[in-house]
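Structural overview
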Amino acid sequence: MPDRIERLQVFRIDSEIGMRRAHGSGEIARRVGRVIVRLLTTDGIEGLGEAAPWAPFGNTADTTAAAIDGCLRAVLEGDDATRIAALADAMDHALMGHPEAKAAVEMALWDIAGKRLGAPVHALLGGVVRDTIPLSFSIADPDFAADLDRARAMAEEGIGIFKVKTGFLTHADDLERLSALRETCPTADIRADYNQGLAPEEALRFCRDLDGLELGFIEQPVRRGQERVLAMIAAALDTPVMADESVFSAREMLDCAHAGWADCVSIKLMKAGGILRAREADAVAAAAGLPTYGGTLWEGGIALAAAAHLIAATPNIRLGCEFYMPRYVLARDITAEPFAYEGGSVRVPDGPGLGVTLDEDALAADLVASRG
């Protein structure tokens, strides 16, 4: 008998953050908006999902909550929760765009599937190729001295990857910050992320100045839509260039591989629209010889658990992850169990489904609105 989706609940929350965060395409201070999804089936199984949209990527928490409560609710309620691929296709047919909303719903369906079988989601994806994922922390606090202190302490904890957010200050400031971090953490893998912050006419010249700093990669120096410039930079530099905002889907990954936009690509559930679509994009990257990376927006423990399951079962996503929000940025999360870290890495959850549960009190404290 099918196990039908009996109830869909949507919780719009605002989460306090413990530090300011500045990027080439915007700044966040005090709070971030998120959307939590809870699906309940006729067999009594609960599935959890989370969306963490960010306006520069196309949506906000309000538009995402509205998409789930409207078009996607009409697709989901009453349908069989075990039909994950069919429901993912139905969501794409019913609503263009809104990948964050679709990702939240789809991870809730995976959570239900894993709980039904008593298995972690990564087992449903083919099993683990890695039990831990190297963690990267992003240096993004406008108070750079505070971030240097954090990096020093994190290095002592075993974190060996740091990504400096560049492009929101002067070029001289960026070079100074990268050099200071190298001096503070001499053995770290240091990376730079412009978040589309450079103008096309200056981008190659500025990136050439970073080429001798032995960086792990330079991420998305120019805006989405300026892929010709991105490809020119990738061809000119010895340092690998990573595409992020330029590649959301498998089709765009194919364009990236064919035209040489980048040497590696950031995979994000919030961009791709869920685990299935992220795996499709990564399969194209793997076929083209482009390694991928576990990127993030403002996710907490539910969405990052889903992404950890994806990376655990996907060999090509091998450049680490930036799943640091629950421990290092959010003042509190809404999961009952702390997100698992171990020796500078993320520990992949091994409980049934996503392996997380809601902290109902924390959810209530951050709640802005709910439906269902």
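Higher on the page you've got the structure.
Residues numbered from 1 in each chain as written. Predicted model: local features only at pLDDT ≥ 70, side-chain atom pairs only at ≥ 80, totals over all residues. Heavy atoms only, no water.

A look at the nonpolar core
This is how the line gets drawn: Among buried residues, those of type Ala, Val, Leu, Ile, Met, Phe, Trp, Tyr and Cys that are joined through side-chain atoms within 4.5 Å constitute a nonpolar core. Here the term buried applies to any residue with accessible area under 20% of the maximum for its type, exposed to any over 50%, and partly exposed to those in between, with areas from a 1.4 Å probe on protein chains only. When checking whether two residues touch, look at their non-hydrogen atoms; a contact exists if any pair is within 4.5 Å.
Ile 68, Phe 162, Leu 181, Ile 233, Leu 269, Ile 302 and Val 346 are the most contacted members of the largest nonpolar core, which has 125 residues in total. If we skip the residues at most four places from it in the chain, Phe 162 touches Ser 136, Phe 137, Ile 139, Ala 151, Met 154, Ala 155, Leu 181, Cys 185, Ala 188, Asp 189, Ile 190 and Arg 191.

A look at the sheet that holds strand 6 (residues 132-134)
Strands pair in a sheet through their backbones, by hydrogen bonds, and they do so in one of two ways: parallel or antiparallel. Threshold: What makes two strands pair is DSSP finding at least two bridges between them. Secondary structure is summarised from DSSP: a helix means a run of H or I of at least four residues, a strand means a run of E of at least two, and numbering begins at the N terminus for each.
Strand order across the open sheet formed by three strands is 6-16-15, with antiparallel pairing between neighbours. The open sheet terminates on both sides in strands that have one partner only, identified here as strand 6 and strand 15 (341-342). Note that strand 6 and strand 16 (residues 345-347) share three bridges and pair antiparallel. Its bridge partner lying in strand 16, Thr 132 is registered against Arg 347.

Remarks on the pattern of salt bridges
The test is simple: What counts as a salt bridge is simple: a side-chain nitrogen of Lys or Arg found within 4 Å of a carboxyl oxygen of Asp or Glu.
A complete count under the given rule lists 34 salt bridges for this structure. A salt bridge links Arg 152 to Asp 149, with the nearest nitrogen and oxygen atoms 2.9 Å apart. With Arg 152 and Asp 149 both in helix 5 (residues 144-157) and three residues apart, the pair spans about one turn of that helix. Under the relative-accessibility criterion, Arg 152 is labelled partly exposed at 37%. Residue Asp 193 is joined to Lys 163 by a salt bridge in which the shortest nitrogen-to-oxygen separation is 3.3 Å. Highlighted residues: Asp 193 in strand 9 (residues 189-193) and Lys 163 in strand 8 (residues 161-165), separated in sequence by 30 residues. Classification of Asp 193 by relative accessible area gives buried; the value is 0%. Since its relative accessible area comes to 1%, Lys 163 is described here as buried. Each of Asp 89, Asp 92, Lys 102, Arg 277 and Glu 280 takes part in salt bridges that share partners, so that together they form one network.

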